[in-house]
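# Examining the three-dimensional arrangement
One letter stands for each residue in the lines below.
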Amino acid sequence: QVQLVESGGGLVQPGGSLRLSCAASGIPFKFYNMGWYRQTPGKQRELVGAITTDGSTNYADSVKGRFTISRDDARATVYLQMSSLKPEDTAVYYCNADAPRRGYWGQGTQVTVSS
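A brief report on the enclosed structure follows.

About the cut-offs
Residues numbered from 1 in each chain as written. Predicted model: local features only at pLDDT ≥ 70, side-chain atom pairs only at ≥ 80, totals over all residues. Heavy atoms only, no water. Phe/Tyr/Trp six-rings, centres within 6.5 Å; stacked < 30°, edge-to-face > 60°. Lys NZ or Arg CZ within 6 Å of the ring centre and 35° of its normal. Helix = DSSP H or I, 4+ residues; strand = E, 2+ residues; numbered from the N terminus. Disulfide = S-S within 2.5 Å. Buried < 20%, exposed > 50% of the residue type's maximum accessible area, 1.4 Å probe, protein only. Salt bridge = Lys/Arg side-chain N within 4 Å of Asp/Glu carboxyl O.

### Details of the packing of aromatic side chains
- Taken as a whole and assessed by the stated rule, the structure comprises two aromatic pairs.
- For R19, the ring lying beneath its charged end belongs to Y79, and the centroid distance is 4.2 Å.
- Across from the ring centre of W105, 4.7 Å away, lies the NZ or CZ of R45, which sits over that ring.

Right under this line is the structure:
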């Protein structure tokens, strides 16, 4: 059984920071490229950033320089460190393990950036 569980979301003020975690089970984690996505009501889910099996990263232009993706293969966990948060970062954040078709998805964690 494959399971991805996001955690760490919450309410934060503009300019603040949050660290999201996604713990994976049921897959050989170290062999999967991982991604973070976000979605707001009425909008398509968008790629925030991704990290490959060898640790290479890429980011959406909107978060570049503010967000950092990392992974800990021993813990089968991928992280999204978010800093300098803006109200437009408000969304449900999902992690994804890249696989044919849809891949594997977590349930999401809400991030709200508001004063």
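Following the structure, the description resumes.
### Examining unusual backbone geometry
- The phi dihedral of S84 falls on the positive side, at around 50°, and the residue is not glycine.
- Secondary-structure assignment places S84 in the loop between β8 (77-82) and β9 (91-97).
- Even without being a glycine, R101 presents a positive backbone phi close to 70°.
- On the secondary structure map, R101 appears in the loop between β9 and β10 (104-105).

### What to know about the state of the cysteines
- Inspection of the entire model under this criterion finds one disulfide.
- The disulfide that involves C22 links it to C95, with 1.8 Å between the sulfurs. The sign of the 45° torsion about the S-S bond sets the C22-C95 disulfide as right-handed. With C22 in strand β3 (residues 18-25) and C95 in strand β9, this residue pair connects regions lying 73 residues apart in the sequence.
- When its relative accessible area of 0% is taken as the criterion, C22 is described as buried.

### Side note on the pattern of salt bridges
- What the rule picks out here adds up to five salt bridges.
- Note that R66 is salt-bridged to D89, the shortest N-O span being 2.7 Å. Placement of the pair is R66 in the loop between β6 (57-59) and β7 (67-72) and D89 in the loop between β8 and β9, with a sequence separation of 23 residues. As far as burial versus exposure is concerned, R66 and D89 are alike and both buried.
- Residues D73 and R71 are paired through a salt bridge, measuring 2.9 Å at the closest nitrogen-oxygen approach.
- For D73, a relative accessible area of 34% translates into the label partly exposed.
- One salt-bridge network, held together by shared partners, links R38, E46, R66 and D89.

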